[in-house]
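Spelled out, the chains give:
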Amino acid sequence: MNNQRNKVETAVFQKAKQNQHLCGDSYFYTETEDEYICALADGLGSGEFAKESSDIVIRIIEKNIHATVEQLIKKCNGQLSGKRGAVIGILRIDFRESRYTFSSIGNVGILTIFENGVKKRNIPNAGYLAGYHRPFKVVTDTLYPSMSFILFSDGVTDKDLSQRFLLNRDVNQVVQTYANYTNGEMREDDTTLIAIKYGD
Ligand SMILES: [Mn+2]
């Protein structure tokens, strides 16, 4: 899945864990004139209830794309009271301010990739969303031309993240190479890898 006419290009790899037909990971991304937002949620547990929680979170983000990352996380948390719960990562790019902002709660990771190929892995906030208030950190930084980002769920391993092909600026190639590389492997967890490219 991708959209080439925008400022940001996105490609997604997703696979359900071993013998499951339902993937508990959900994602959403969109771009407006002023901003880009991408969210990845991983529902706790597996199957139907995991899917329910990750879907709730993603629907909230779809309906509130202009809200800040902090507001979105608070809103999502509030709606998960009494549900299984979910972990989440949200990346938002503000084109006018040339800033990007992200936060992740639990095991959804974000890699920032700079033009010179330097990768920076964000340390997520501990815990998960299940209706309880907990403080969390939101990171905001300067958006440089030709930055890339990788958003990933915990089916993606540390070994996967060390692969050189993640630095490729062609997001479709990143996803295709990842698909070939993991082909035939049975993963213990649902796997979602979202490759995001800003600029040319
Ligand atoms: Mn998972």
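Refer to the structure printed above.
Fair warning: this is a prediction, and the values are worked out from it, not measured in the lab. (Residues numbered from 1 in each chain as written. Predicted model: local features only at pLDDT ≥ 70, side-chain atom pairs only at ≥ 80, totals over all residues. Heavy atoms only, no water.)

Talk me through the pairing of strand S2 (residues 25-31); I want residue IDs and the actual numbers.
Of all seven residues that make up S2, five are buried, and the element is covered over most of its length. Two successive antiparallel strands, S2 and strand S3 (residues 35-43), enclose a turn made up of three residues. (Buried < 20%, exposed > 50% of the residue type's maximum accessible area, 1.4 Å probe, protein only. Helix = DSSP H or I, 4+ residues; strand = E, 2+ residues; numbered from the N terminus. Pairing = 2+ DSSP bridges.)

Break down the nonpolar core for me, with residues and values.
Counting residues in hydrophobic clusters, the biggest one holds 22 residues, and the most contacted among them are Val57, Ile61, Ile88 and Ile90. Sorting the residues of this core by element identifies S3, helix H1 (47-63), helix H2 (69-79) and strand S4 (86-94) as the ones contributing at least two each. If you tally residues by element for this core, the top one is H1, at five residues. If we skip the residues at most four places from it in the chain, Ile88 touches Leu40, Ala41, Val57, Ile61, Cys76, Ser103, Ser104, Ile105, Val108 and Leu129. Judged by nonpolar contacts, the second largest core, of 21 residues, contains Val8, Val87, Phe95 and Tyr100. (Core = buried A, V, L, I, M, F, W, Y, C linked by side-chain atoms within 4.5 Å. Contact = heavy atoms within 4.5 Å.)

Can you tell me about the packing of aromatic side chains, naming the residues and giving the values?
We describe a pair of aromatic rings using the distance from one ring centre to the other and the angle between the two ring planes. Overall, the coordinates contain seven aromatic pairs when judged by the stated rule. Aromatic pair Tyr100 and Phe102: ring centres 6.0 Å apart, planes at 15 degrees, arrangement stacked. When the centroid spacing of 5.1 Å and the interplanar angle of 65 degrees are considered together, the rings of Tyr100 and Phe149 count as edge-to-face. Note that Tyr100 is positioned in strand S5 (residues 99-105) and Phe149 in strand S9 (residues 148-152), a separation of 49 residues in sequence. With relative accessibility at 2%, the residue Tyr100 sits in the buried group. Through successive ring pairs, a cluster of aromatic residues spans Phe13, Phe165, Tyr178 and Tyr181. (Phe/Tyr/Trp six-rings, centres within 6.5 Å; stacked < 30°, edge-to-face > 60°.)

Quick one: what's the story with the environment of Ile60, residue by residue and with numbers?
Counting through the fold element by element, Ile60 comes out in helix H1. We classify Ile60 as buried; its relative accessible area is 11%. Sequence spacing of Ile60 and Ile73 is 13 residues, and the spatial spacing of their C-alpha atoms is 9.6 Å. Once you skip the residues sitting within four places of it in the chain, Ile60 turns out to touch Lys75, Cys76 and Gln79.

Could you give me a rundown of the packing of H1 against H2, with the residues and numbers involved?
It is the contact of H1 with H2, at a shortest axis distance of 9 Å, that shows an interaxial angle of 140 degrees. On the basis of their axis angle, the class for H1 and H2 is oblique. Helix-helix and strand crossings are classified by hand; for H1 and H2 the assignment is right-handed. Judged by residue contacts, Ile56, Val57, Ile60 and Ile61 of H1 engage Leu72, Lys75, Cys76 and Gln79 from H2. (Axes fitted to C-alpha atoms, helices over the stretch in contact; angles between N-to-C directions. Parallel < 35°, antiparallel > 145°, perpendicular 65-115°, else oblique. Left-handed = near helix turned anticlockwise from the far one by under 90°.)

Lay out the pairing of strand S10 (residues 191-198) in plain terms, naming residues and giving numbers.
A large share of S10 lies buried, amounting to eight of its eight residues. Residues Thr191, Leu193, Ala195 and Lys197 point to one face of S10 and Thr192, Ile194, Ile196 and Tyr198 to the other, with burial holding for every one of them. Two elements, S9 and S10, share five bridges in a ladder whose sense is antiparallel. Bridge pairing in S10 links Phe152 to Leu193.

If you had to explain the environment of Lys7 to someone new, which residues and values would you point to?
Tracing the backbone shows Lys7 in the segment before strand S1 (8-15). Here Lys7 falls in the partly exposed class, since its relative accessible area comes to 40%. For Lys7, the contacting residues outside a window of four places in its chain are Glu31, Glu33, Phe95, Lys197, Tyr198 and Gly199. For Lys7, the side chain forms a polar contact with the main-chain oxygen of Glu33, separated by 3.3 Å. (Polar contact = N/O pair within 3.5 Å; in protein donor to acceptor, adjacent residues only side chain to side chain.)

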